Amino acid sequence: MKKFAVAISLLGAVTLAGCTTTNPYTGQSQISNTAGGALIGAGGGALAGALIGAGTGGDARVGALIGAGVGALAGGAIGNYMDQQEAELRAQLQGTGVSVTRVGDNIVLNMPSNITFGVNQSDVQPQFQNTLRSVALVLQKYNQTLVDIVGHTDSTGSASYNLTLSQQRATSVARVLSQNGVDSRRFFVEGRGFSQPIASNDTETGRAQNRRVEIQIIPIRG
C-alpha cells in the first residue's frame, strides 16, 4: 500500500515576509498556499518543513474513503471548509496547551508530551483525554479530511528506544480518537523518534519542544 506520510515540524518565531495571509474566519496569520508547499528552514538546529500532498488520489486512504461515501473537496470549497474547521479547533483547544497552525490548506496540531504523556510513558494521561475528545468532535464533523498522527521524541536515549516510544505515543493518540468516533481509515500513524527536531536537543527547553505528537489534517481533494 502506497502511503504519503505528512509530518510538519514548525518553528516558533519564523517570519516569512510576503508569504503570510490573514484567515478571514479566525483573524490569525497563516502561511500562504504557495509558501506552504515549500520547505522552511531556520537556525538553532531546528528544521521546519511543509511536505504537502497526502490528500491526493495517490494516497490509498482517499480511494477507500470515497468508496465508503465520503465526498472529496474541490476548488474554493477546500479553503472555506478548512477555515471553518480551523476556527472550531482553535475554539475547542484554547487554553489546553495544544497549538493550532495553518499551513496552506492543512492544519497542524502540536501536542507537547508534557501534557499528553508521563515521562517515558505511552499511555495518554487521563487529564488529556478530554482534550482529544474535543479534537475528535471536530474531526467527526469535518470528515472530508485525512489525519496524519506522528510521534516525535528528544535525543535522550537510544535511537531504537525513541523510535519505539514515538510510535507507541502516536498509536495511543490515534486509539483515543478512534474510540471517540473518528474513522480510523482516515489515519496514517507513525513514530519518527528524534529524527525531526524543531528545537535544539542541547537544552531542556529544546528537548521539551521536541517531545510531541503532531496531528496534520489534510483535505481530501477531488
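Predicted model only: the values in this text are computed from it and were never measured.

Criteria and cut-off values
- Residues numbered from 1 in each chain as written.
- Predicted model: local features only at pLDDT ≥ 70, side-chain atom pairs only at ≥ 80, totals over all residues.
- Heavy atoms only, no water.
- Helix = DSSP H or I, 4+ residues; strand = E, 2+ residues; numbered from the N terminus.
- Buried < 20%, exposed > 50% of the residue type's maximum accessible area, 1.4 Å probe, protein only.
- Pairing = 2+ DSSP bridges.
- Right-handed = clockwise from strand over helix to strand, strands pointing away.

(A) View of the environment of Gly 75. Considering the arrangement of structural elements, one finds Gly 75 in the loop between α2 (60–67) and α3 (76–93). When its relative accessible area of 60% is taken as the criterion, Gly 75 is described as exposed. Along the backbone, Gly 75 and Gly 222 are 147 residues apart, and their C-alpha atoms lie at a distance of 8.7 Å.

(B) Region of interest: the pairing of strand β9 (residues 212–219). The buried fraction of β9 amounts to eight of the eight residues, a majority that puts the element mostly inside the structure. A two-sided burial pattern is seen for β9, the buried positions comprising Arg 212, Glu 214, Gln 216 and Ile 218 on one face and Val 213, Ile 215, Ile 217 and Pro 219 on the other. Sheet topology places strand β6 (residues 106–112) next to β9; six bridges connect them, and they run antiparallel. The residue of β9 that forms the bridge with Met 111 is Val 213. Note: strand β7 (residues 145–152) against β9, eight bridges, orientation antiparallel. Among the inter-strand pairings, Val 147 is bridged to a residue of β9, identified as Ile 217.

(C) A look at the pairing of β7. Counting buried residues in β7 gives eight out of eight residues, a clear majority hidden from the surface. Of the two faces of β7, both are covered, the one formed by Thr 145, Val 147, Ile 149 and Gly 151 as well as the one formed by Leu 146, Asp 148, Val 150 and His 152. In this sheet, strand β8 (residues 187–191) lies alongside β7 in parallel orientation, the contact comprising five bridges. Looking at the pairing, Gly 151 lines up with Gly 191 of β8. Between β7 and its parallel partner β8, the chain crosses via helix α6 (residues 159–179), and the hand of that crossover is right-handed.

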